[in-house]
Each structure stands twice: as structure tokens, then as C-alpha cells.
Amino acid sequence: MTVKTEKLRKCNDKAKNKNFSLLEEGSAPVVLIDGFNQFSSFLQSPFFRKTHEENHVFRGQENGMWQLRSSLDRIVINDFLEQRNKQLENFRKFVRGRIINIENYEKTDNELWAVGQHFALKTPLLDWTRSIYVALFFAFSTNDGKTKEYRTIYALNREKIEKLFPENSPQERAKLERILTFFEPVRDDYGRLVNQSGLFTVQNMDGDLEKHIVSLIASKLESYSRGREEEKVKKLLPYFYKIYFRDTERKNYILQLQTMNIHHGSLFPDVLGASEYCNLLMQDQLERKLEKEKKSEIYQAVRKVLAHKRASSPQLKNKLKPVGLLTSMIVKIIEENSVEAYMNKIVSGIIELLTKNQWPKEFHEEIVDSIKTIISEKTEKYEKYKVGW
């Protein structure tokens, strides 16, 4: 477990009260949201309603442990600006004749970068949106089978940050632009930017932009470096923060977004978007089928364990009720909790049920161990089906 993950888990109690904290020095304030209902409450909170009236932009990332870096910066080891220029010149050269009216995009470097971003070119651009729901979609849209505990959304107050470095002071504005610039393309021939309420930031310095942005803001805040954690959080929040979400809640978030018509088909108004949406619908259908089969197999296996223990123990055989209802209650506990994140909760729930149903304490450990083995085997079996999704 990384230090960052361990610190994030310690934020759970604060998250229940929607309090922000700092995971490490130089990072943005973070809050951990526990489910879509709490997310909805957060959006209705005075804090969010007040800050959202200003010019906030949001970025969703599928892995909460990822740094805030452009695709180009993630692969360049050194000489970032030099490599960035080479990448753009190569793209300018090799894309000729392959895009209609390319001269319309060559008026500025950033316009050409935006075209490259659309076609999967490694660029210094980061995608942002004015809609926190669209950012939520991008945080949860990918389900690649890789282990990740948290997804995240960054929230950046563009208006307030730009006021710290006003345009009428070229020297001050240059401090901001040494790190990043905001960019909204003039053209949107593919329709995605409009549908996604999208814009870009251009990364002008290598490294984790989160730390660069925090340092930049802090340089303008009086006595920031000498403040305690609570004071630093309070000063940074109007400018920059991030929200963490549990990966185990992915299906619920995607379902809620689909009811709001936020999905691949609406955000990507082209053939690729339609294809991705069809893939998502098929994946969801297959996943529901697999979950149903997995639940059935766990039910049968747990029932077999309980029935065998009851039948083989004279002291239990004539005293306990049939095991069907108890099995259903145990399976419900398993279903409601993520196996990896909440195994302790599952175990305590099973022991509580066994106790309430008058199963002697000396049998608890053996039964729990058998059920844990069942859960592990069935989870591993069905996760194999998802590889490649």
C-alpha cells in the first residue's frame, strides 16, 4: 500500500462530514465521497453552490493515484519543451493530406495540438470540462479490469487563478503561463468539445501539474507556508481541490449518469462514440449476467456448507431452522459489500447472523473460513471473464 493510499483511507471519517484535508505537502485539498447520494449532497452544499457560480473547470481521471500530467509528459524523460516541439513538427509534417482543410488548424500550435489530441496523439494538452457530471463520466467510464481503489475529479477555479496573475500585468501573467495556459479551440469540427463542455490546459512545464499549481497559488497567499493544515486547506479551496470516489461504486455512478443522458453516445457524437456506447451496453449486459451466475453459485456453495455442518453435528441437527433463509441473508451481505475493500465487514456480518440464528460459537470460525474460500474462488473465476473489457 502506498503512503498516499494509506493517508487517503485515514480521510474516511473526515469524508463523512464532507471535510477536506491534505494528503501530503504540496497537494490540493481532497475529500472522499462515499457513494452517489453523498455526491449529490456535496453538489447541493453551500460550499459547492457558491464556488460553482464562478468559472470552475473539472477533470476526471480513472485512477486516483495518477498524477496530473499530460500524455506527452508521461512518456518524456527530460527536455520536455524540446521534445514537445519535435512532436508537433512531426505531426505537422506527417498529417498533411490526411485531414481536410488542415490549413484551418495550422494558424496556431494549440489548434494543431487539439486535432492531434482528437486522434490519440501524445500532446501537452489536458482535457477539462465545465460540467462536473461530464468529469464524473470520464473518471468512471473505463473498466479495464486493472486494480484501482479510487477514481478522482480535479476542480480548478480558472477565474480566481487568472485574477491572481492578471493579463494587464505581463510579468505576473508570465508566471502562470510558464506552468499552464487555458485554451479553447476556435474550431470543433468533430462536435465533441461542445457536447462535453470541453476546453484544454496546455502543460508548459514537465512534472506533476497538481504540485506546480498548488505552489503557484501558494506564492500569492499570505503566510501560506507557515499555516497549519486546516489553514492551508481553507486558503487553497477557493482555487483548487479534488474529489476521490471509491472504484467499487463504478456501476452505480455509470447508471446514474446514463439516466442523465451522459454516456459515450451523447459525449462523442461520431461513429467512434456510437461504437463505444454499443460496447458499453454489451459489457453491462454481460456483467449483469455474470453477477447473477456468480451470486447463484455462491448461494449454492454457502448453502451446502451450512447444510453439511448442520447435518453432521448432532447438537445442531434438531435445534436449527433450515438453512435457506440464513444462506440468503449471508449472500445479501456479500453482495452489498466489495470483497476486497470490505472483507472484515462481510465476516462480522456473517458472525452476527450466525449468532442471531443460534449457531454455536465454536462453529463460527470454520464456517467463516469456508465462506471466505468460496468468495475468493468465485470472485477469481468471474474476474477472469472480464479481462480485456
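Further up the page is the structure itself.
Residues numbered from 1 in each chain as written. Predicted model: local features only at pLDDT ≥ 70, side-chain atom pairs only at ≥ 80, totals over all residues. Heavy atoms only, no water.

Helices and strands together make up the secondary structure of the chain, namely 20 helices and 7 strands. Here the chain, with 389 residues, has 48% of them falling under the buried criterion. A separation threshold of at least 6 residues defines the contact pool for the chain, and within that pool the share at least 24 residues apart is 71%. Taken as a whole, the chain presents about 21100 Å² of accessible surface, with 50% of it coming from carbon and sulfur. (Helix = DSSP H or I, 4+ residues; strand = E, 2+ residues; numbered from the N terminus. Buried < 20%, exposed > 50% of the residue type's maximum accessible area, 1.4 Å probe, protein only. Contact = heavy atoms within 4.5 Å. Areas by Shrake-Rupley, 256 points an atom, 1.4 Å probe, with all protein chains shown as cover.)

Moving on to the pairing of strand β4 (residues 150-157). When you tally the buried positions in β4, you get 8 out of 8 residues, the bulk of the element. Alternating positions in β4 separate into two faces, Tyr150, Thr152, Tyr154 and Leu156 on one and Arg151, Ile153, Ala155 and Asn157 on the other, with burial throughout. Inspection of the sheet shows strand β2 (residues 56-61) paired to β4 by 6 bridges, in the antiparallel sense. Bridged to Val57 within β4 is Leu156. (Pairing = 2+ DSSP bridges.)

Let's shift gears to the pattern of salt bridges. Evaluation of the coordinates by the stated rule reveals 22 salt bridges. With a closest N to O distance of 2.7 Å, Asp73 and Arg69 form a salt bridge. Note that Arg151 is salt-bridged to Asp247, the shortest N-O span being 2.8 Å. In this pair, Arg151 is assigned in strand β4 and Asp247 in the loop between β7 (240-246) and α14 (250-259), connecting sequence segments 96 residues apart. Look at the salt bridges and you will find they share partners, linking Arg130, Arg158, Glu162 and Glu184 into a network. (Salt bridge = Lys/Arg side-chain N within 4 Å of Asp/Glu carboxyl O.)

Of the pockets and cavities examined, the second largest pocket occupies roughly 1500 Å³. Taken together, 50 residues line the second largest pocket, and the ones lying closest to its centre are Gln117, Asp127, Phe138, Arg192 and Phe268. Counting only elements with at least two residues in the lining of the second largest pocket, the list comes to β2, α5 (71-75), α7 (109-118), β3 (125-129), α8 (132-140), α11 (192-195), β6 (198-203) and α16 (271-312). Per element, the largest residue contribution to the lining of the second largest pocket is 7 residues, and it comes from α16. In the lining of the second largest pocket, the residues fall into 23 nonpolar, 15 polar and 12 charged. (1 Å grid on protein atoms, 1.4 Å probe; cavity = no way out; pocket = protein on both sides within 12 Å on 5 of 7 lines; lining within 4 Å. Points joined across faces, edges and corners; volume = space filled by probe spheres on them. Nonpolar A, V, L, I, M, F, W, Y, C, P; charged D, E, K, R; others polar.)

Moving on, we get to the environment of Val368. Inspection of the secondary structure assignment puts Val368 in helix α20 (residues 364-386). In this structure Val368 comes out as buried when scored by relative accessible area, which is 6%. Sequence-distant contacts of Val368, defined by excluding residues within four places in its chain, comprise Val347, Ile350 and Ile351.

This next bit is on helix α18 (residues 324-336). When the terminal C-alpha atoms of α18 are compared, their 19 Å separation across 13 residues agrees well with the 18 Å that a helix rising 1.5 Å per residue should span. Residues of α18 that are buried include every one of Gly324, Leu326, Thr327, Ile330, Val331, Ile333 and Ile334, and no others. (Expected span 1.5 Å × (residues − 1).)

Let us now look at unusual backbone geometry. Unusually for a residue other than glycine, Ser197 sits at a positive phi of about 50 degrees. Assignment of secondary structure puts Ser197 in the loop between α11 and β6. Judged by its relative accessible area of 29%, Ser197 falls in the partly exposed class. Positioned with a positive phi, Asn261 is a non-glycine residue whose angle comes to about 65 degrees. The topology assignment puts Asn261 in the loop between α14 and α15 (264-267).

Packing of α18 against helix α19 (residues 343-356) brings their axes to within 9 Å, and their N-to-C directions diverge by 160 degrees. With respect to their mutual orientation, α18 and α19 come out roughly antiparallel. As α18 runs across α19, the sense of the crossing is right-handed. Contacts between α18 and α19 involve Leu326, Met329, Ile330, Ile333 and Ile334 from the former and Ile346, Gly349, Ile350, Leu353 and Leu354 from the latter. (Axes fitted to C-alpha atoms, helices over the stretch in contact; angles between N-to-C directions. Parallel < 35°, antiparallel > 145°, perpendicular 65-115°, else oblique. Left-handed = near helix turned anticlockwise from the far one by under 90°.)

Among the structural elements, Glu89 can be located in helix α6 (residues 80-94). Sequence separation of Glu89 and Asp109 is 20 residues, and the distance between their C-alpha atoms is 9.6 Å.

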